[in-house]
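Secondary and tertiary structure notes
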Amino acid sequence: MRAFLRKSGILVWVIAAIILATVLGSVRIGGDHLVPVEIGRIFATFSAIFSQFLSFSIPLIIIGLVTPAIADLGRGAGKWLGITTAIAYASTLFSGFLTYLVCATLFPRILASTQLADVAEPGSALESYFTIEMPAPLQVMTALLLSFVVGLGLSMVPRGVLRKGFIEFRAIITRLIETIIIPLLPLHIFGIFLNLTYTGEAASVIRTLVRVVVVVLVLEVIILLTQFCFAGIVARRNPFKALLTMMPAYLTALGTSSSAATIPVTLRQTKKNGVSDAVASFTIPLCATIHLAGSTSKIFSFAFAIVLTQGLTVSSLQWVGFIFMLGITMVAAPGVPGGAIMAATGLLSSMLGFNDAQVALMIATYIALDSFGTATNVTGDGAIALIVDRMAHGSIGNEGDPENARELAFDGMAYLDRVSVEGVVSPEELADSAARNGSETVA
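Reading guide: rules and limits
Residues numbered from 1 in each chain as written. Predicted model: local features only at pLDDT ≥ 70, side-chain atom pairs only at ≥ 80, totals over all residues. Heavy atoms only, no water. Helix = DSSP H or I, 4+ residues; strand = E, 2+ residues; numbered from the N terminus. Buried < 20%, exposed > 50% of the residue type's maximum accessible area, 1.4 Å probe, protein only. Contact = heavy atoms within 4.5 Å. Core = buried A, V, L, I, M, F, W, Y, C linked by side-chain atoms within 4.5 Å. Phe/Tyr/Trp six-rings, centres within 6.5 Å; stacked < 30°, edge-to-face > 60°. Lys NZ or Arg CZ within 6 Å of the ring centre and 35° of its normal.

Helix and strand counts for the protein stand at 20 helices and two strands. Taking all 443 residues of the protein together, 51% fall into the buried category. Here the analysis covers contacts within the protein between residues at least 6 apart in sequence; of these, 85% occur between residues at least 24 apart.

We now examine the side chain of Thr84. Along the chain, Thr84 turns up in helix H4 (residues 79-110). When near neighbours in sequence (up to four residues on either side) are disregarded, Thr84 contacts Phe282, Thr283, Leu286, Cys287, Ile290, Ile384 and Val388.

Membership of the largest hydrophobic core comes to 63 residues, with the highest contact counts inside it found for Ile299, Trp319, Phe322, Met342, Phe354 and Met362. For this core, the element with the most residues is helix H6 (residues 161-199), which contributes ten residues. Beyond its immediate stretch of four places on either side in the chain, Met362 contacts Ile299, Phe302, Ala303, Ile306, Ile341, Leu348 and Phe354. With 34 residues, the next largest nonpolar core counts Ala235, Leu243, Val265 and Cys287 among its residues.

Both the distance between ring centres and the angle between the ring planes are used here to describe each pair of aromatic rings. This structure, assessed with the given rule, holds 13 aromatic pairs. A ring pair is formed by Phe97 and Phe324, whose centres lie 5.6 Å apart and whose planes are at 70 degrees; its orientation type is edge-to-face. Note that Phe97 is positioned in helix H4 and Phe324 in helix H13 (residues 316-332), a separation of 227 residues in sequence. With relative accessibility at 30%, the residue Phe97 sits in the partly exposed group. Every member of this aromatic cluster is reached through a ring pair, and the members are Tyr100, Phe107, Phe300, Phe304, Trp319 and Phe322. When the ring centre of Tyr129 is taken as origin, the NZ or CZ atom of Arg41, which lies over that ring, is 4.1 Å away.

Geometric values such as these leave the question of function open.
Right, dumping it as structure tokens:
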């Protein structure tokens, strides 16, 4: 199943799950559902258990991703790393606040007749046979605060043992997302939408999503135009020509749904825009991880739509705080399909009050448009590269050199190359350790 998922992509599975659940739940034979209630309850049981596991995993995901990300962006990582990160974060905040303005203006009108109240309390049609309580190890807000405090502390101890431990923990959490949560999400989404079809709410949900999708796609075009217009002013380049040059990266990301897999194309097109090799080689791989303006716009749009259509109360101050926190979370999000929404699930529940069904709906809608958000992210990376290139005058110097950054800040990826997640030490390290211990014994 994992091999097929890697080939076809999670998007295919999610769309298939939504369509299949809608069709199977709607078809009736002799007044009875094509899928008997007894079988439907099996999927409802799986969804209930998976929701419990997801609630258990969210604090761990936050600690595993946010803590090492803050530590990696701490002191000693090079001036241009800090500047590039600040620009990427500012771009993400702009995307969030622009989306907020558009959603607050348009959604009350285009979603005025839509109410998805039944989604807030699913299960009235398909009750689970049983559930397993999986209490979270700590609250979401506690996990966020702990991540910030520990991450800032680790940035002051770049080569400490605890830092290595959190890097290994990040690898474990990333593996958890890639091999367990993401592959099982389509089945979870199938159970959610099958239940919505039984309650008669599936059609309303889909109609609502179509309206929101149109707004999201238009918003992402506006975000890209704004990014490149600003970059064109700073770098003194034609913004429309620069944006057209980045189109191969946009189209590649539509097919791969992966910022990392698109890096070679993004790098090539960025250099065609006149960015120096040194700046392009530094900013593009970095921004592929920390710049998720398109993903921010998608998450906020769907979150706003769910809040509006389900009668939740979220104040303007809460929305502003959510945008700032979402921007930080996007910096720490893993570069895997669906990684951004998985990292943001904790904020949705803790800051907006989403329940399990609403979080599942957010995950489904996000993944359905994952490739468009990724395409916006990587294309915007080219605009950031133009700005950094102008500020650095085409040369980032030793402070921005990736090799120098590895010397100043602990290189987590190199460490994981030597020591696996399971803790297996390489023969070279064993020999080196034995040699050191032998010399100490002689002394």
